[in-house]
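# Close look at the chain arrangement
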Amino acid sequence: MKVLLGCGVDLYISSQDRDILEKTIMPYLAQEEGYNRILFVGCAWYTRGYRKVFTGKDYWTIEIDPEQARYGSSQHITDSVENVGQHFRENDLDAIICNGVFGWGLDEREAVEKAFQGCFDCLREGGVFVLGWNDLPGHVPFPLEDCVALRSFTRLEFPPLGSTRVVAEAGRHSFDFFVKKAV
């Protein structure tokens, strides 16, 4: 794998949840007008090709592990998503995709609340927050319904999927869709 990545080959994970993300969610945000400034949270070898999906967009990535920066965008931030507000102004982003971070590094309730509130603050009115998470023992820090910061958002019926939540992999992975509405 290192040889392929070193040669510039983009590798992907073959799974139902990745198909939903890579073939439906990301292309929709990349093609729809109004989603120009996009932040993707979390980077790894299988996310490197995502920059191609967002060609022509103001595409950013954020990842706490400096070793993973090479898989991010050319506009990469090495930091925790908890600190998103230190890198973007209020109402600065059109969309945020946060996939595989809740319960996989973003584990403490206080950190989750801070991160999700920061995402809310950095999104413009009408901005979309996509939260992908694994419903696996040991990887759900607390029920999402108990997250105070997510209550700032309005659930969004995501147009290409026609639902506010899509569950993949026999219940193993879910995508929840939110929008920032004016209060």
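First, a word on scope: everything that follows refers to the structure included in this document. Source: prediction; values computed, not measured.

## Remarks on the pattern of salt bridges
One pass over the structure, following the stated rule, counts ten salt bridges. Among the salt bridges present, the one from lysine 23 reaches aspartate 19, with a minimum N-O distance of 3.5 Å. With a gap of four residues between them, lysine 23 and aspartate 19 both fall in helix 2 (residues 16–31), about one helical turn apart. Between arginine 109 and glutamate 113 there is a salt bridge, with its nearest N and O atoms 3.9 Å apart. Within this pair, arginine 109 and its partner glutamate 113 are both found in helix 4 (residues 109–122), separated by four residues, close to a single helical turn. With relative accessibility at 38%, the residue arginine 109 sits in the partly exposed group. Classification of glutamate 113 as buried rests on a relative accessible area of 15%. Here the residues in one salt-bridge network are Arg37, Asp58, Arg89 and Asp92, joined through shared partners.

## Section: the pairing of strand 7 (residues 165–168)
With burial as the criterion, only one face of strand 7 is covered, namely that bearing Val166 and Ala168; the residues Arg165 and Val167 on the opposite face remain uncovered. Bridge analysis of strand 7 against strand 8 (residues 173–179) gives four bridges, and the strand direction is antiparallel. Residue pairing for strand 8: valine 166 is matched across the bridge by phenylalanine 175.

## Brief notes about the layout of surface pockets
By volume, the largest pocket amounts to about 550 Å³. The wall of the largest pocket is formed by 28 residues, among which Gly42, Asn99, Gly100, Val101 and Trp104 lie closest to the centre. If you list the elements that add at least two residues to the lining of the largest pocket, you get helix 2, strand 1 (37–41) and strand 2 (58–63). For the lining of the largest pocket, a count of residues per class yields 13 nonpolar, nine polar and six charged.

Here is what the cut-offs are and how they apply
- Residues numbered from 1 in each chain as written.
- Predicted model: local features only at pLDDT ≥ 70, side-chain atom pairs only at ≥ 80, totals over all residues.
- Heavy atoms only, no water.
- Salt bridge = Lys/Arg side-chain N within 4 Å of Asp/Glu carboxyl O.
- Helix = DSSP H or I, 4+ residues; strand = E, 2+ residues; numbered from the N terminus.
- Buried < 20%, exposed > 50% of the residue type's maximum accessible area, 1.4 Å probe, protein only.
- Pairing = 2+ DSSP bridges.
- 1 Å grid on protein atoms, 1.4 Å probe; cavity = no way out; pocket = protein on both sides within 12 Å on 5 of 7 lines; lining within 4 Å.
- Points joined across faces, edges and corners; volume = space filled by probe spheres on them.
- Nonpolar A, V, L, I, M, F, W, Y, C, P; charged D, E, K, R; others polar.

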